[in-house]
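Remarks on the overall topology
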Amino acid sequence: MSKVPKVTVLMSVYNGEEFLAEAVESILEQTFQDFQFLILNNGSTDKTPEIVDSYNDPRIRLVHNEKNLGLAGSLNRGLDLAEGEYVVRMDCDDISLPQRLDKQAAFMDSNPKVGVCGTWVETMGETPGEIKRFQQDPDLIKAGLLFGNFYITHPSVIMRSSLFKKHKLYYNPALYPAEDYALWQKCSKLFPLTNIPEVLLKYRILPTSGSHANQEHLWEVLRLIARESLLELGVYNGEEDLSMHMDFRSLKRPVSQEMLIKAEQWLQRIKTANQLKKIYPEKALMAVLEERWFYLCNTAAGLGPRVWHIYSKSPFSSTNHLPFSKKARFGLRCLLKKKTITGM
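Below: a short report on this structure. (Residues numbered from 1 in each chain as written. Predicted model: local features only at pLDDT ≥ 70, side-chain atom pairs only at ≥ 80, totals over all residues. Heavy atoms only, no water.)

1. Observations concerning the nonpolar core
If you look at the biggest cluster of nonpolar residues, it comprises 74 residues, and the most contacted ones within it are Val116, Met159, Trp184, Cys187, Leu260 and Trp293. Take this core: its biggest share by element is 10 residues, from helix H11 (residues 282-299). Residues in contact with Cys187, not counting those within four places in the same chain, are Val116, Phe164, Leu169 and Leu193. Val13, Ile27, Tyr55 and Ala105 belong to the second-largest nonpolar core, a separate cluster that totals 34 residues. (Core = buried A, V, L, I, M, F, W, Y, C linked by side-chain atoms within 4.5 Å. Buried < 20%, exposed > 50% of the residue type's maximum accessible area, 1.4 Å probe, protein only. Helix = DSSP H or I, 4+ residues; strand = E, 2+ residues; numbered from the N terminus. Contact = heavy atoms within 4.5 Å.)

Right under this line is the structure:
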């Protein structure tokens, strides 16, 4: 290993003994060898320190936080301590595939403008075997982040240290558990973000992550992040605007015909504002708006044929990047509800 490692693998651990050994070994068994493994013990009260100490590997550096700093605070300390040209994130319950570091470091070497690069992931744990495929186009990722973090899986990323230092980029502890999403939004306005279209990480889904209390807190944090984005774009005039925007994120609330009309107007406001502010690439933003419009209308398909009419007459209806089969199924669902709506 060179004196200054090419890569720092950054892992923060709080009471992670259950899966920690598997995660650590997946890094130590990488085909790429030039790395520092920086593990921050974030106030654990279980056997986390003993497990890490059991590995006699000079690449491991175990650092003990004097108190629990929270995930964001601990990762910020890790960013300051990292020595590598690149910082690779790793969680204590995930598994990196053997060629992960090799392929991500090589990609960053070949693409010097990219600041953050994730990968596709395969889920395990509560919902095993699902392959999550993420967008590669940096423009679409940047525009898509306006609506949510559907594009980058945090523990799959490699980050270019020089750019993070240059722009003083850190996680915001006040935005936990969406501190990564807020960071990606900042990053996307400074340099390209992308993904390698290959599964290089096994990502664990834990039952506790879906608890009601966790989801309520997450939703409030996401509203804060969205509000800042809308203020920057110049389209935030109150909570009604924010709620409309969040409806495009979740696509879960029952949709009325009146809401569809307001939703189309909201998308038009975003498009017009961006033409003035030029925050997001115009073509990419339009593709994202079209996609959000399609899925919102699809959610309302139960209202009947009128929905298809509203959808197809909209300037956001082209959705050329969506499979034809999805649009066809949407139209069929609308037609099948004809009797319900017309009373025939």
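2. A closer look at the pattern of salt bridges
Enumeration over the complete set of coordinates arrives at 12 salt bridges. Glu85 is the salt-bridge partner of Lys6, the closest N and O atoms lying 3.0 Å from each other. Note that Lys6 is positioned in the segment before strand E1 (7-13) and Glu85 in the loop between helix H3 (70-81) and strand E4 (86-89), a separation of 79 residues in sequence. Residue Glu85 is classed as partly exposed on the basis of its relative accessible area of 37%. (Salt bridge = Lys/Arg side-chain N within 4 Å of Asp/Glu carboxyl O.)

3. Here's the deal with the packing of H11 against helix H12 (residues 305-312)
The N-to-C vectors of H11 and H12 enclose an angle of 170°; their axes lie 10 Å apart at closest approach. As summarised for this structure, H11 and H12 are arranged roughly antiparallel, according to the angle between their axes. Contacts between H11 and H12 involve Trp293, Phe294 and Cys297 from the first element and Val307, Ile310 and Tyr311 from the second. Here the residues of the contact of H11 with H12 sort into 6 nonpolar, no polar and no charged. (Axes fitted to C-alpha atoms, helices over the stretch in contact; angles between N-to-C directions. Parallel < 35°, antiparallel > 145°, perpendicular 65-115°, else oblique. Nonpolar A, V, L, I, M, F, W, Y, C, P; charged D, E, K, R; others polar.)

4. Quick look at the packing of aromatic side chains
For any pair of aromatic rings, the description consists of the separation of the ring centres together with the inter-plane angle of the planes. Applying the stated criterion across every chain yields a total of 6 aromatic pairs. Arranged with centres 5.9 Å apart and planes meeting at 70°, the rings of Phe294 and Tyr311 form a pair that is edge-to-face. With Phe294 in helix H11 and Tyr311 in helix H12, this pair connects stretches of sequence that are 17 residues apart. There is no split in this pair, since Phe294 and Tyr311 are both buried. Ring pairing ties together the aromatic residues Phe294, Tyr295, Trp308 and Tyr311, which thus form one cluster. Across the ring face of Phe19, the terminal group of Arg204 is positioned such that the distance to the ring centre comes to 3.7 Å. (Phe/Tyr/Trp six-rings, centres within 6.5 Å; stacked < 30°, edge-to-face > 60°. Lys NZ or Arg CZ within 6 Å of the ring centre and 35° of its normal.)

5. Observations regarding the packing of helix H10 (residues 257-277) against H11
Two elements in contact, H10 and H11, have axes whose closest approach is 11 Å; the angle formed by their N-to-C orientations is 175°. Our classification of the angle between H10 and H11 gives roughly antiparallel. Residues Met259, Leu260, Ala263, Glu264, Leu267, Ile270, Lys271, Asn274 and Gln275 of H10 touch H11, and the partners they reach there are Glu282, Leu285, Met286, Leu289, Trp293, Leu296 and Cys297. Of the residues contributing to the contact of H10 with H11, the split by class is 11 nonpolar, 2 polar and 3 charged.

Spatial relationships are all this shows, so hold off on functional conclusions.
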